[in-house]
Protein chains: 2
Amino acid sequence: MVYERENLKHDSVGAWAKRLYFASRAVMDSILRPYELGSTQWYVLYRLANEGPTMQRDLVRMLQIERATLSGIVATLVRKGLVDQTPDSVDQRQRMLRITRSGKKLWKELPDPIDLILTTAFDGADPAELAIARRVLQTATQRLNNHILEGNQA
Amino acid sequence: MVYERENLKHDSVGAWAKRLYFASRAVMDSILRPYELGSTQWYVLYRLANEGPTMQRDLVRMLQIERATLSGIVATLVRKGLVDQTPDSVDQRQRMLRITRSGKKLWKELPDPIDLILTTAFDGADPAELAIARRVLQTATQRLNNHILEGNQA
DNA sequence: CCACAGTCGTTCGGTACCTAACAACATATT
DNA sequence: AATATGTTGTTAGGTACCGAACGACTGTGG
């Protein structure tokens, strides 16, 4: 029946994964809004504050976003004076990113939105069920990614 | 240890929910790209093709997006000549949306990306595990949404 | 009947993502 | 050394999301 099929769509694991992602984003955005930071800007600061100076190119791989996307985000952080971007002395194509003094100062004031989200969402949940959910999501993601790869080959 | 905590973050159900969402989006975008349609544009056509004319304001609730967002999407579809937007005769504030002849023609050619995604991602998976995953995601989403509501009250 | 509050759609400015094309630079090949 | 190939970052153009503010309209209380 078409009706059953439709119900399935709206109640599938995939649909709930999307809803959870959007709920998380909403919480994260609301925490970061007072500081005028977007979520990806936060991730970049997070990395630079905790792991030290990083090549922009490595950040692309770590954050799993496109070069073009990161380019704009870095430009914003530089404009705000929170991050410093300089060409690498060895390979002049690459850019070294480094948190500024003023960036460090802001970082100290910032709450950790990820901690809050994980605590709010999953505290007290059954670890066995969490493990199953994780595996289901992981498998599904893998399958979709394989599908994309195959599509590119053909 | 900080290290353990970090691992947790990157391997949490939340992180996998995000990855699954992005993998799904990538598949959906790649299917729809040849037709020059975005995913939300597809949802709007889907609704208008299968359920008939709909008030723009009801679509906001069904698709769970902001009025502002839908406004732009509808404008795009109208510009492409796929959708017709007319003021309601009773309440002149509201807009009635209706698929055009040319929209219907396009719709017939379109594959169903959601079917493909669900099949690729979950076919053959253990229904019991899917049910657990669904429940875990649902509960977490609910908790985060409650947290947002409480935040708004305070 | 008229001012006021609420609803609906739009516009504006901002974030975050994508692809495609490009310039600058680095390295491998001949 | 000169040319071809690959990498890195940027820019341009597009989609999709958000909040805030505004105009047009509706319905209600005084």
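Residues numbered from 1 in each chain as written. Chains lettered and ligands numbered in written order. Predicted model: local features only at pLDDT ≥ 70, side-chain atom pairs only at ≥ 80, totals over all residues. Heavy atoms only, no water.

Visitor: Please clarify how helix H6 (residues 101-109) of chain B should be interpreted in this entry.
Guide: For the α-helix, the turn length of 3.6 residues means that residues three or four positions removed from each other point alike. Residues and elements named next belong to chain B. When we look at burial in H6, the residues that qualify are Gly-103, Leu-106 and Trp-107. Each buried residue of H6 sits inside an arc of 105° when the element is viewed along its axis, so together they form one side. Seen from the open side of H6, the exposed residues pointing more than 90 degrees away from its buried face are Arg-101, Lys-105 and Lys-108. Of the surrounding secondary structure, the elements contacted by the buried residues of H6 are helix H3 (39-51) and strand S3 (95-99). (Buried < 20%, exposed > 50% of the residue type's maximum accessible area, 1.4 Å probe, protein only. Helix = DSSP H or I, 4+ residues; strand = E, 2+ residues; numbered from the N terminus. Arc of directions from axis to C-beta. Contact = heavy atoms within 4.5 Å.)

Visitor: Got a minute to help me understand the packing of aromatic side chains in this structure?
Guide: Both the distance between ring centres and the angle between the ring planes are used here to describe each pair of aromatic rings. Scanning the entire structure with this criterion turns up 13 aromatic pairs over all chains. Relative to Tyr-43 of chain A, the ring of Trp-42 of chain A has its centre 5.4 Å away and its plane inclined at 70°; by these criteria the two rings are edge-to-face. Exposure remark for Trp-42 of chain A: the relative accessible area of 1% places this residue in the buried category. Here the aromatic residues Tyr-21 and Phe-22 of chain A together with Tyr-21 and Phe-22 of chain B are joined through ring pairs into a cluster of three or more. A cation over an aromatic ring shows up here: Arg-19 of chain A above the ring of Trp-16 of chain A, its NZ or CZ 4.5 Å from the ring centre. (Phe/Tyr/Trp six-rings, centres within 6.5 Å; stacked < 30°, edge-to-face > 60°. Lys NZ or Arg CZ within 6 Å of the ring centre and 35° of its normal.)

Visitor: Where do I start with the protein's contact with DNA strand D in this structure?
Guide: Close to DNA strand D lie 23 residues, the nearest being Arg-57 and Arg-67 of chain A together with Gly-38, Ser-39 and Thr-40 of chain B. In DNA strand D, atoms within 4 Å of the protein come 70% from sugar and phosphate. Residue Ser-71 of chain A places a side-chain N or O atom 2.8 Å away from a phosphate oxygen belonging to DNA strand D. Gly-38 of chain B places a main-chain nitrogen or oxygen 3.4 Å from a phosphate oxygen of DNA strand D. At the level of secondary structure, the elements contributing two or more residues to the surface near DNA strand D comprise helix H4 (56-63) and helix H5 (67-79) of chain A together with H3 and helix H5 (67-79) of chain B. Taken together, the residues of the surface near DNA strand D break down into 5 nonpolar, 10 polar and 8 charged. (Near = heavy atom within 4 Å. Polar contact = N/O pair within 3.5 Å; in protein donor to acceptor, adjacent residues only side chain to side chain. Nonpolar A, V, L, I, M, F, W, Y, C, P; charged D, E, K, R; others polar.)

Visitor: What is the right way to read the side chain of Gln-56 of chain A from this model?
Guide: With respect to the helices and strands, Gln-56 of chain A occurs in helix H4. Other than its neighbours up to four places away in sequence, Gln-56 of chain A contacts Leu-70, Ser-71, Val-74, Gln-85, Arg-95 and Leu-97 of chain A.

Visitor: So what exactly am I meant to see when it comes to the relation of the copies chain A and chain B here?
Guide: Two chain copies here: they are related by a rotation about an axis and a translation along the same axis. Superposition record for chain A on chain B: RMSD 0.1 Å, screw rotation 180°, translation along axis 0.0 Å. Such values leave the two copies arranged in the relation of a two-fold axis. (Least-squares fit on C-alpha atoms with pLDDT ≥ 70 in both.)

Visitor: Looking at this structure, how should I read the interface of chain A and chain B?
Guide: By convention, interface size is frequently given as the accessible area that disappears when the constituent parts associate. Tallying the contact residues gives 48 residues for chain A and 48 residues for chain B. Approximately 4700 Å² of surface area, both sides summed, lies buried where chain A meets chain B, with 69% of it carried by carbon and sulfur atoms. Summed over the shared surface of chain A and chain B, the number is 2 salt bridges. The interface formed by chain A and chain B contains 6 residue pairs in polar contact (both at pLDDT 80 or more). Of all the secondary structure elements, the ones that give two or more residues to the side of chain A that touches chain B are helix H1 (2-11), helix H2 (13-32), helix H3 (39-51), helix H7 (113-122) and helix H8 (127-153) of chain A. Per element, the largest residue contribution to the side of chain A that touches chain B is 16 residues, and it comes from H8 of chain A. (Buried area = accessible area lost by both parts, 1.4 Å probe. Salt bridge = Lys/Arg side-chain N within 4 Å of Asp/Glu carboxyl O.)

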